[in-house]
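Residue-level structural notes
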Amino acid sequence: MKFGVVIFPGSNCDQDMIYVLRKIMEQEVVELWHKDHNLQGCDFIVLPGGFSYGDYLRSGAIARFSPIMKEVMEFADKGGYVFGVCNGFQILCEAGMVPGALLHNTERKFICKNVHIKAQHAGTLITAGVPQDKALKIPIAHGEGNYFADAETLKKINANGQVLFRYCDENGNITPESNPNGAIENIAGVCNAGKNVFGMMPHPERAADPNLSNTDGKFLFQSLLSMVTS
Amino acid sequence: MSDLVKGEATTVETAEKLGLRPEEFRKITEILGRTPNFTELSIYSVMWSEHCSYKNSISWLKTLPKDGPHMLAKAGEENAGLVDIGDGLACAFKIESHNHPSALEPYQGAATGVGGINRDVFTMGARPVAQLNSLRFGDLKLDRTKWLVRGVVKGIGDYGNAFGIPTVGGEVFFDECYNVNPLVNAMSVGLVRVGETVSATSEGVGNPVFIVGSSTGKDGIHGAAFASKDITEESAKDLPAVQVGDPFQEKLLLEATIEVIKTGAVVGMQDMGAAGITCSTSEMSAKGKHGMNVWLDKVPTRQAGMKDWEILLSESQERMLVVVHKGREQEVMRVFEKWDLNCVQIAEVTAGDRLKYYMGNDLVADVPAESLVLGGGAPVYKREFTEPAYFAESKKFDINKVSVPADLKAVAKHLAAHPNIASKRWVYNQYDSMVGTVNMSTNAPSDAAIVNIKDTSKALALKVDCNSRYVNADPETGCAIAVSECARNIVCSGGEPSAVTNCLNFGNPYNPEVYWQFVGAIKGMSKACLKFSTPVTGGNVSFYNQTSSGDKTEPVFPTPTIGMLGLLKDKSTRMTLDFKNEGDSIFLIGKSRNDIASSEYLYSWHKIKNTPAPYFDLDEEYAIQNTIKQLIRQKLVQSVHDCSDGGLFITLLESAMPRQLGFSISCTKDIRRDAFLFGEAQGRIAVSVKKSDEEKFTAFLLDSKTPFERLGEVKGKGILVDGEDFGAVSEYKNVYDTSLELILQ
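Notes on the structure in this doc start here. (Residues numbered from 1 in each chain as written. Chains lettered and ligands numbered in written order. Predicted model: local features only at pLDDT ≥ 70, side-chain atom pairs only at ≥ 80, totals over all residues. Heavy atoms only, no water.)

So, about the overall build of chain B. Along its length, chain B carries 25 helices and 27 strands. Scaling as 2.2 N^0.38, a compact globule of 745 residues should have a C-alpha radius of gyration of about 27 Å, and chain B matches this with 26 Å. Principal axes of the C-alpha set define a box for chain B whose edges measure 90 × 60 × 45 Å. A buried classification covers 66% of the 745 residues belonging to chain B. (Helix = DSSP H or I, 4+ residues; strand = E, 2+ residues; numbered from the N terminus. Rg over C-alpha atoms; globule rule 2.2 N^0.38 Å. Buried < 20%, exposed > 50% of the residue type's maximum accessible area, 1.4 Å probe, protein only.)

With that settled, the discussion passes to the overall build of chain A. Within chain A one finds five helices and 11 strands. Against the 2.2 N^0.38 benchmark of 17 Å for 230 residues, chain A shows a C-alpha radius of gyration of 16 Å, consistent with a compact globule. Taking the principal axes of the C-alpha coordinates as reference, chain A spans close to 45 × 35 × 35 Å. Per-residue burial over chain A gives 62% buried out of 230 residues.

A few words on the packing of helix α21 (residues 618-633) of chain B against helix α24 (residues 694-703) of chain B. Residue and element names in this part refer to chain B. Relative to each other, α21 and α24 sit at 150°, their axes nearing to 11 Å. Here α24 runs roughly antiparallel to α21, going by the angle between their axes. Crossing handedness for the pair α21 and α24: right-handed. Together, Thr627, Gln630 and Leu631 of α21 and Phe697, Phe700 and Leu701 of α24 make up the contact between the two elements. In terms of residue class, the contact of α21 with α24 is made up of four nonpolar, two polar and no charged. (Axes fitted to C-alpha atoms, helices over the stretch in contact; angles between N-to-C directions. Parallel < 35°, antiparallel > 145°, perpendicular 65-115°, else oblique. Left-handed = near helix turned anticlockwise from the far one by under 90°. Contact = heavy atoms within 4.5 Å. Nonpolar A, V, L, I, M, F, W, Y, C, P; charged D, E, K, R; others polar.)

Moving on, we come to the nonpolar core. One finds Ile45(A), Val82(A) and Phe165(A) to be the most contacted residues of the largest nonpolar core, which totals 100 residues. Ranked by residues supplied to this core, first place goes to helix α10 (residues 247-262) of chain B with eight residues. Ile45(A) has contacts with Gly4(A), Val6(A), Leu32(A), Leu39(A), Val72(A), Phe75(A), Tyr81(A), Val82(A) and Phe83(A), leaving out every residue within four places of it along the chain. Counting residues in hydrophobic clusters, the runner-up holds 45 residues, among them Leu32(B), Ile43(B), Val209(B) and Ala286(B). (Core = buried A, V, L, I, M, F, W, Y, C linked by side-chain atoms within 4.5 Å.)

A few words on the sheet that holds strand β10 (residues 187-191) of chain A. All names here are of chain A. What the nine strands build is an open sheet, ordered β2-β1-β3-β4-β11-β10-β9-β6-β7; its pairing is mixed. The two strands at the open ends of the sheet, each matched to only one other strand, are β2 (28-33) and β7 (136-142). Between one strand and the next, the sheet's axes are offset by a mean angle of 25°, whatever the strand orientation. Pairing geometry for strand β4 (residues 81-85) and strand β11 (residues 197-200), over four bridges, is parallel. Residue pairing across strands places Gly84 opposite Gly199, the latter belonging to β11. (Pairing = 2+ DSSP bridges.)

Residue and element names in this part refer to chain B. Read across the sheet, five strands follow the order β14-β15-β20-β16-β17 without closing on themselves; strand pairing throughout is mixed. Only two strands of the sheet have a single partner each, and these edge strands are β14 (449-452) and β17 (536-542). On average, adjacent strands in this sheet sit at an angle of 20° to one another, irrespective of strand direction.

With that settled, the discussion passes to the pattern of salt bridges. All names here are of chain B. Taken as a whole, this structure holds 45 salt bridges over all chains when the rule is applied. With a shortest N-O distance of 2.9 Å, Glu40 and Arg34 are connected by a salt bridge. For Arg34, a relative accessible area of 29% puts it in the partly exposed group. Ionic pairing is found between Glu476 and Lys527, a salt bridge with its closest N-O pair at 3.4 Å. Of the two residues, Glu476 sits in helix α18 (residues 475-492) while Lys527 sits in helix α19 (residues 512-531), which places them 51 residues apart along the sequence. Under the relative-accessibility criterion, Glu476 is labelled partly exposed at 28%. (Salt bridge = Lys/Arg side-chain N within 4 Å of Asp/Glu carboxyl O.)

The next subject is the pairing of β17(B). Across the seven residues that make up β17(B), a large majority, seven, are buried. On the question of chirality, the crossover connecting strand β16 (residues 496-505) of chain B to the parallel β17(B) by way of α19(B) is right-handed. (Right-handed = clockwise from strand over helix to strand, strands pointing away.)

Looking now at a nonpolar patch on the surface. A surface patch of nonpolar side chains, about 310 Å² in accessible area, is lined by Tyr56(A), Leu57(A) and Ile62(A). Looking at the element boundaries, Leu57(A) is found in the loop between β3 (44-47) and α2 (67-77). (Patch = residues over 30% accessible without salt bridge, like charges linked within 9 Å, V, L, I, M, F, W, Y side chains within 5 Å. Areas by Shrake-Rupley, 256 points an atom, 1.4 Å probe, with all protein chains shown as cover.)

A separate point is the packing of aromatic side chains. Tallying each qualifying case throughout the model produces 29 aromatic pairs over all chains. Consider the rings of Tyr44(B) and Trp48(B), whose centres lie 5.1 Å apart with planes at 80°: the pair is edge-to-face. Judged by its relative accessible area of 0%, Trp48(B) is buried. Feature note: the residues Phe579(B), Tyr601(B), Phe649(B), Phe663(B), Phe678(B), Phe726(B) and Tyr732(B) constitute an aromatic cluster, connected by ring pairs. Its end group placed over the ring of Phe65(A), Arg64(A) keeps NZ or CZ at 4.3 Å from the ring centre. When the ring centre of Tyr732(B) is taken as reference, the NZ or CZ atom of Lys413(B) above it lies at 5.0 Å. (Phe/Tyr/Trp six-rings, centres within 6.5 Å; stacked < 30°, edge-to-face > 60°. Lys NZ or Arg CZ within 6 Å of the ring centre and 35° of its normal.)

The next point concerns α19(B). Spanning 20 residues, α19(B) covers 29 Å between terminal C-alpha atoms, matching the ideal 28 Å at 1.5 Å per step. Backbone nitrogen of Glu513(B) and a side-chain oxygen of the N-cap are separated by 2.9 Å at the start of α19(B); the cap is Asn511(B). (Expected span 1.5 Å × (residues − 1). Polar contact = N/O pair within 3.5 Å; in protein donor to acceptor, adjacent residues only side chain to side chain.)

This part is about unusual backbone geometry. Positive phi outside glycine occurs at Arg108(A), with the angle close to 55°. For Arg108(A), the location among the structural elements is in the loop between β5 (101-103) and β6 (111-119). The backbone of Lys635(B) shows a phi angle near 55°, a positive value even though the residue is not glycine. Here Lys635(B) is to be found in the loop between α21 and β22 (639-642). The exposure class of Lys635(B) is exposed, given its relative accessible area of 55%.

Moving on to the interface of chain A and chain B. Each side of the interface is counted separately: chain A has 31 residues, and chain B has 34 residues. Buried area between chain A and chain B, both sides added, is near 2600 Å², and the carbon and sulfur share of it is 55%. For chain A, the biggest contributors to the area lost against chain B are Phe110(A), Cys112(A) and Leu212(A); these three give 21% of the whole. Taken together, the links from chain A to chain B amount to three salt bridges. For the pair chain A and chain B, the number of links is 13 residue pairs in polar contact (both at pLDDT 80 or more). Those elements giving two or more residues to the side of chain A that touches chain B turn out to be α1 (14-24), β6 and β7 of chain A. Partitioned by chemical class, the residues of the side of chain A that touches chain B number 13 nonpolar, eight polar and 10 charged. (Buried area = accessible area lost by both parts, 1.4 Å probe.)

Further remarks concern the environment of Tyr357(B). All names here are of chain B. Within the secondary structure layout, Tyr357 lies in strand β12 (residues 354-359). For the pair Tyr357 and Ala347, spaced 10 residues apart in the sequence, the C-alpha separation amounts to 8.9 Å. Leave out the neighbours within four places in its chain, and Tyr357 touches Ile43, Thr278, Thr281, Ser282, Val294, Leu296, Leu312, Asp362, Leu363, Val364, Ala365 and Val367. Of note is the side chain of Tyr357, whose polar atom sits 2.7 Å from the side chain of Thr281.

Residues and elements named next belong to chain B. Judged by how many residues are buried, strand β24 (residues 685-689) sits mostly within the fold: five of five residues are covered. Every second residue of β24 is oriented toward a common face, with Ile685, Val687 and Val689 on one face and Ala686 and Ser688 on the other, all of them buried. Strand direction decides the pairing type here: strand β21 (residues 585-589) and β24, joined by five bridges, are antiparallel. Among the inter-strand pairings, Ile589 is bridged to a residue of β24, identified as Ile685. Pairing geometry for β22 and β24, over four bridges, is antiparallel. What sits directly across from Val640, in β24, is Val687.

Honestly, it's all geometry; don't read function into it.
Put into structure tokens, the structure is as follows:
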């Protein structure tokens with residue numbers, strides 16, 4: 001599969017994502033520059049983490065107007081796969097490509113630490129191959145990761161199976177204490193109604209290299225690869 | 001264009017207002033052969049400030065060991081030291097202070113400190129891979145201290161996180177001596193392929209010189225001179241001397257810099273830190289032995305109507321000066337255009353050694369580059385020093401006059417909760433420690449931070465350390481301990497100490513007692529760095545860290561922060577500090593001592609403050625570290641953790657907490673129990689050993705004549721000392737993890 005990782009000015013998890021996809025998952029990866037209008041025939045687009053445009057104004061608010069986003073949106077509209085992590089998720093929300101919004105963490109501080117998340121069902125590309133009962137240890141690193149959606153949207157995404165992951169404790173219990181940023185219903189990641197656009201705050205690419213003594217994030221990459229190739 | 005320098009002649013009074021001394025004013029007049037105008041005087045005032053010229057420290061800094069087998073750039077040669085680490089890679093690393101700005105505006109002060117040190121590394125062509133910091137604040141009960149801590153931590157976080165380099169280690173220490181003047185020391189470590197570095201030099205007559213990055217504003221004017229003054233109540237008036245940082249611009253500048261070096265069109269490059277355009281043009285010209293014509297009116301500015309000296313002295317962040325091979329300008333401009341950054345030619349390299357600054361057609365300053373810089377015409381002073389009275393007084397300390405507390409469990413709880421010992425997670429959770437996917441310590445803690453070098457078998461082992469209480473007690477011994485502890489932490493993590501950068505934070509150098517501390521620290525550092533074969537590759541000196549109010553002046557503790565680079569040639573041999581298995585034996589390598597001097601226990605429990613440095617023997621320390629290396633190599637130990645602040649008890653507790661494994665130990669009979677548990681004698685390391693390895697392990701130690709004792713074993717979930725129940729590990733962990741955040745939240 002050919003992955004395209006978009007590089008916005010201020011992206012800083014782009015090379016981490018490329019490293020995991022290329023060196024650990026052994027996939028073809030190209031860098032897509034934000035000023036371009038060409039997705040270079042990629043099968044799967046990734047919006048990486050970072051601080052696109054310094055996250056000035058509001059996280060992801062400027063990046064969504066980057067030239068390449070026009071093509072990314074068209075690609076997604078035609079059913080193409082798009083995956084946004086952290087700042088990438090924020091950009092997807094700002095672009096309206098996934099439902100909801102990401103607010104400041106309730107403590108109003110940047111938080112970087114390992115958290116646990118649990119897949120909500122096996123009905124999507126990214127969660128299908130993930131052990132459904134296991135609490136995955138995946139790091140977060142954000143100041144604005146407090147997921148919010150209004151009651152109606154919540155009802156819809158819950159009913160449609162659009163909630164990908166929820167924050168939980170190390171035993172898989174979804175509790176208020178295990179919610180690191182105040183996200184509504186402990187939501188850590190969602191997808192669009194068509195289930196081809198995915199966004200999540202935790203960084204699976206930071207938990208995929210055995211050198212870092214935690215490879216829980218690899219389940220997500222393995223899942224999407226096996227689903228697409230099969 | 002006129003060749004006559006514009007502007008009126010200045011007076012010695014103006015010179016003094018700019019922080020120059022009368023004899024320095026006379027020297028400038030001699031160099032120029034005339035009285036300088038205001039712009040020229042401003043140039044000398046910043047270049048000859050302590051911050052840029054090192055005039056009161058350089059004669060002693062030169063005595064530090066500089067040579068090592070792997071040095072590619074020695075101290076003072078480039079913006080940061082450069083060490084060959086094999087596989088065609090070199091490591092650039094440096095630590096720098098941003099104390100004075102942080103005292104006034106903690107958020108921007110700390111943020112721009114992070115920005116500045118990273119620029120020092122990537123201006124050489126090295127991509128930063130890890131950051132560390134060393135922070136010191138006053139009494140945490142004070143609201144001002146809390147304000148400073150919150151601001152500094154947020155400043156470091158917001159800048160470093162957006163810049164996108166992980167913060168992998170650091171230290172935070174609280175003492176009332178830092179109430180007014182906190183210390184903020186930031187370190188950056190970068191990697192570059194050998195031969196792909198860029199030098200901070202300017203040569204080749206006719207070569208164009210570009211300013212790249214942010215526009216120039218009025219922030220930070222006279223910042224270098226400001227950093228060379230005592231902090232007083234008047235200091236708030238200096239607020240415009242604090243710069244404002246923009247990490248987004250810095251990130252773009254990093255990418256553009258690395259990319260532009262690859263074009264091969266760059267002759268030399270230097271970042272703009274202290275003294276902005278003045279410093280970069282003069283240092284690069286002096287190094288390349290050329291002159292430069294600079295047109296200040298071409299500099300992109302943030303506001304109209306900036307004066308020539310404002311443009312020259314501005315310390316606006318995220319800017320660089322780039323000398324380019326003539327004819328290859330387009331290649332350079334294309335790169336900066338790609339990254340949406342300014343790239344404007346403002347100067348041209350000339351023959352000779354004159355720096356001529358123009359504003360339009362007016363020549364506003366004309367000075368010889370060499371006369372401005374360290375190693376050239378900048379003044380060098382030898383300062384007087386005298387031993388302070390407290391030093392002799394401290395030697396009178398007698399442990400026998402301190403009674404052993406009846407309830408040692410209460411002491412243990414007190415220490416685990418003490419802000420100097422408790423977890424700093426409130427601080428480091430605000431830093432992105434994992435971006436870059438190289439931090440090998442996140443899920444496997446060790447004494448030094450381990451940073452993966454991708455696609456090689458190697459990893460870096462990094463540490464910053466300085467117990468300033470020890471240095472205050474005895475500068476020479478205290479500073480040797482700081483070096484030794486860095487080395488010990490690297491060795492305990494499976495690494496080999498390689499080189500040192502230092503950040504020397506002291507009081508006013510014109511105070512002979514402060515200077516005595518400085519000289520002592522340098523001597524101690526030299527001795528220890530020679531022993532561990534870790535040359536000093538650079539760093540910075542920050543004097544004037546003290547508080548003046550009324551006629552009373554109190555210097556901060558002398559704080560020579562050591563940043564050490566270590567190397568793990570084979571990352572599979574890295575070692576961690578956590579107990580692994582129930583039933584493993586616990587040993588102490590090194591000797592227990594009847595010593596509680598300068599310990600956190602003595603200081604905060606008994607409130608006895610003026611005591612000698614703890615027990616320390618450099619040869620013994622070195623031998624013990626060598627033993628540890630062997631034990632790790634032979635895979636005879638399960639965990640390794642050194643004894644430092646809080647003593648053996650805290651060491652064992654820190655090994656117990658990650659996996660919540662308890663321990664049971666017995667105290668040595670002929671040592672006071674408080675000294676055994678909480679004393680901070682150096683040269684001691686706690687290890688855990690599998691039962692099946694115990695025979696081989698003890699045989700090795702007996703063979704190598706290393707002192708050791710068996711303390712007990714990893715057992716249960718609780719802590720037993722001589723059979724007495726000291727409580728559950730989980731109980732301590734809760735206190736240890738949360739005590740700092742309870743104060744700061």
